[in-house]
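# Close look at the chain arrangement
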Amino acid sequence: TVTGFNTDAFSLYIQDVYNSNEEVNFLEDVYLQFNNKDIITFASNTGILSISSISGVHIKSKIKSQNDVKEFLTQYFEINEIKFEEDSVSQGVTNYTGKLMLKGLEIGSSYLNGNAFIIEVNMDGAIVHASILLLSESNIKEYQYLPLAEVNDLISRPNYPKKIGDIDIEDRYYNEPSPYV
């Protein structure tokens, strides 16, 4: 279960890259514009940060390879483990896509075509567009584990539940009239 998003990393990114101490309410969608050319948005319901820049966002180091992308994600967004998909180059823009690796799972977003990040970089190594799912390991809570014992052993135990609510559903379905008829 996702318990929240890594909004602290988002704030630090804005402070470091744009030298801004902008107060942001992360419970609502965020829209920021810097230097009349860089637009940053954060969707509070999806946890996706989007960065768009006409001339490219210039960070401390240029992005020219997958290692540079990994360093960027680690430095600014505390994303340490990633799995890259295929890179593509079109008209001088390199497109890096991939998934987060958290607790041994590949994690992405349906809003990013199953990826956790999509980063487009121009020929100078500057980011022209980026969409990043702001999750970290502290934002993931394991909801349920599968039992470690065999099912037959669990059923023979008196404290293991044998039925879970199927009678209630059937009785209500067949015996109570629908309120919508």
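Thresholds applied
Residues numbered from 1 in each chain as written. Predicted model: local features only at pLDDT ≥ 70, side-chain atom pairs only at ≥ 80, totals over all residues. Heavy atoms only, no water. Helix = DSSP H or I, 4+ residues; strand = E, 2+ residues; numbered from the N terminus. Buried < 20%, exposed > 50% of the residue type's maximum accessible area, 1.4 Å probe, protein only. Areas by Shrake-Rupley, 256 points an atom, 1.4 Å probe, with all protein chains shown as cover. Core = buried A, V, L, I, M, F, W, Y, C linked by side-chain atoms within 4.5 Å. Contact = heavy atoms within 4.5 Å. Expected span 1.5 Å × (residues − 1). Arc of directions from axis to C-beta. Polar contact = N/O pair within 3.5 Å; in protein donor to acceptor, adjacent residues only side chain to side chain. pLDDT = per-residue confidence, 0-100. Axes fitted to C-alpha atoms, helices over the stretch in contact; angles between N-to-C directions. Parallel < 35°, antiparallel > 145°, perpendicular 65-115°, else oblique. Nonpolar A, V, L, I, M, F, W, Y, C, P; charged D, E, K, R; others polar.

## Here we look at the overall build of the chain
- The helix and strand tally for the chain stands at four helices and nine strands.
- Secondary structure elements in the chain, listed N-terminal to C-terminal, are α-β-β-β-α-β-β-β-β-β-β-α-α.
- Counting the 181 residues in the chain, one finds 36% classified as buried.
- Of the accessible surface of the chain, which amounts to about 12000 Å², a share of 49% is contributed by carbon and sulfur atoms.

## Some thoughts on the nonpolar core
- Residues Phe 10, Tyr 13, Phe 72, Leu 73 and Phe 77 are the most contacted members of the largest nonpolar core, which totals 43 residues.
- Mapped onto this core, the elements with two or more residues apiece are α1 (7-18), β1 (30-34), β2 (38-43), β3 (48-57), α2 (66-77), β6 (93-102), β8 (117-121) and β9 (127-133).
- For this core, the leading source of residues is α1, giving six residues.
- Aside from chain neighbours lying at most four places away, what touches Phe 77 is Asn 6, Ala 9, Tyr 13, Leu 49, Phe 72, Ile 132 and Leu 134.

## Things to note about α2
- In this model α2 runs 16 Å from its N-terminal to its C-terminal C-alpha over 12 residues, within 8% of the 16 Å that 1.5 Å per residue would give.
- Every buried residue of α2 is listed here: Val 69, Phe 72, Leu 73, Tyr 76 and Phe 77. Seen along its axis, α2 keeps its buried residues to an arc of 95°; they face one direction.
- Each element contacted by the buried residues of α2 is listed here: α1, β3, β4 (82-84), β6, β8 and β9.

## Some points on the environment of Lys 37
- Among the secondary structure elements, Lys 37 is positioned in the loop between β1 and β2.
- What makes Lys 37 partly exposed here is its relative accessible area of 27%.
- Counting along the chain gives 18 residues from Lys 37 to Ser 55, while the straight-line C-alpha distance between them is 7.7 Å.
- With residues near it in sequence (within four places) discarded, Lys 37 still touches Ser 52, Ser 53, Ile 54, Ser 55 and Gly 56.
- Among the polar contacts made by the side chain of Lys 37, one reaches the side chain of Ser 55 at a distance of 2.9 Å.

## Quick look at the confidence of the model for the chain
- Averaged over every residue, the pLDDT of the chain is 80; residues scoring 70 or more account for 80%.
- Here helix α4 (residues 166-175) is the element of the chain with the lowest mean pLDDT, 55, and β8 is the one with the highest, 94.
- A low-confidence stretch, residues 164-168 stays under pLDDT 50, and its non-local contacts, those more than four residues away or across chains, total zero contacts.

## Quick word on the packing of α1 against α2
- Orientation of α1 relative to α2, taken along the N-to-C sense of each, is 105°, at an axis distance of 8 Å. On the basis of their axis angle, the class for α1 and α2 is roughly perpendicular. Counted together, Ala 9, Tyr 13, Asp 16 and Val 17 of α1 and Phe 72, Gln 75, Tyr 76 and Phe 77 of α2 form the full contact between these two elements.
- Split into classes, the residues belonging to the contact of α1 with α2 amount to six nonpolar, one polar and one charged.

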